[in-house]
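# Inside the fold
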Amino acid sequence: GPGRGLRPREQDAHRVAQRRKQLELGKRTEGYGRYARSVPRARRRQGRDPQTPDPEQVCSKRSWDGQLRKWRRELHQWDPPGAAAAAAAGAARP
């Protein structure tokens, strides 16, 4: 995004790699696929649409985990109808 070059970047390559791996998992979900197809990048708005956290930002683990959790939760709103019920039923089975 704009101004990215001005922010300090995370120097720990392992931390950045782990964060990217977490983002990959989110981007492989059906909800993300539906979101990406429905809302072109140019039409995405901060505060309204899920914002993928920046894996290179300098922040604490707690802050990163919170951003990731918020993003994943917002992506679930794009899951197909009935997906939450099916997931809950699957989790309840022995």
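Report follows, based on the coordinates. (Residues numbered from 1 in each chain as written. Predicted model: local features only at pLDDT ≥ 70, side-chain atom pairs only at ≥ 80, totals over all residues. Heavy atoms only, no water.)

### Some words on the packing of aromatic side chains
Applying the stated criterion to the full structure yields three aromatic pairs. For the ring pair Tyr32 and Tyr35, a centre distance of 6.3 Å and an interplane angle of 70° mean the geometry is edge-to-face. Of the two residues, Tyr32 and Tyr35 both sit in helix H2 (residues 30-38), three residues apart, roughly one turn of that helix. Considering the side-chain rings of Tyr32 and Trp71, the 6.2 Å spacing of their centres and the 65° angle between planes classify their relative orientation as edge-to-face. One end of the pair, Tyr32, is in helix H2; the other, Trp71, is in helix H3 (residues 61-76), and 39 residues separate them in sequence. (Phe/Tyr/Trp six-rings, centres within 6.5 Å; stacked < 30°, edge-to-face > 60°. Helix = DSSP H or I, 4+ residues; strand = E, 2+ residues; numbered from the N terminus.)

### Observations regarding the pattern of salt bridges
This structure, assessed with the given rule, holds seven salt bridges. In this structure, Arg15 and Glu10 form a salt bridge, with 3.3 Å as the shortest nitrogen-oxygen distance. When its relative accessible area of 38% is taken as the criterion, Arg15 is described as partly exposed. Residue Arg20 is joined to Glu56 by a salt bridge in which the shortest nitrogen-to-oxygen separation is 2.5 Å. Placement of the pair is Arg20 in helix H1 (residues 13-27) and Glu56 in the loop between H2 and H3, with a sequence separation of 36 residues. You can call Glu56 partly exposed: its relative accessible area is 27%. One network of salt bridges, with partners in common, ties together Arg9, Arg20, Asp54 and Glu56. (Salt bridge = Lys/Arg side-chain N within 4 Å of Asp/Glu carboxyl O. Buried < 20%, exposed > 50% of the residue type's maximum accessible area, 1.4 Å probe, protein only.)

### Let's talk about the nonpolar core
If you look at the biggest cluster of nonpolar residues, it comprises nine residues: Leu23, Tyr32, Tyr35, Val39, Cys59, Trp64, Leu68, Trp71 and Leu75. Elements supplying a minimum of two residues to this core: H2 and H3. Sorting elements by how many residues they give to this core places H3 first, with four residues. When sequence neighbours within four positions are dropped, the list of residues in contact with Cys59 reads Arg19, Trp64 and Gln67. (Core = buried A, V, L, I, M, F, W, Y, C linked by side-chain atoms within 4.5 Å. Contact = heavy atoms within 4.5 Å.)

### Structural notes on H2
Considered for burial, the residues of H2 that qualify are Gly31, Tyr32, Gly33 and Tyr35. Considering only its buried residues, H2 is in contact with H1 and H3.

### Quick look at the side chain of Glu10
Position of Glu10 relative to the elements: it lies in the segment before H1. Its relative accessible area of 15% is what places Glu10 among the buried residues. A polar contact of 3.3 Å, which involves the side chain of Glu10, links it to the side chain of Arg15. When neighbours within four sequence positions are excluded, Glu10 is seen to be in contact with Arg15, Val16, Arg19, Glu56, Gln57 and Val58. (Polar contact = N/O pair within 3.5 Å; in protein donor to acceptor, adjacent residues only side chain to side chain.)

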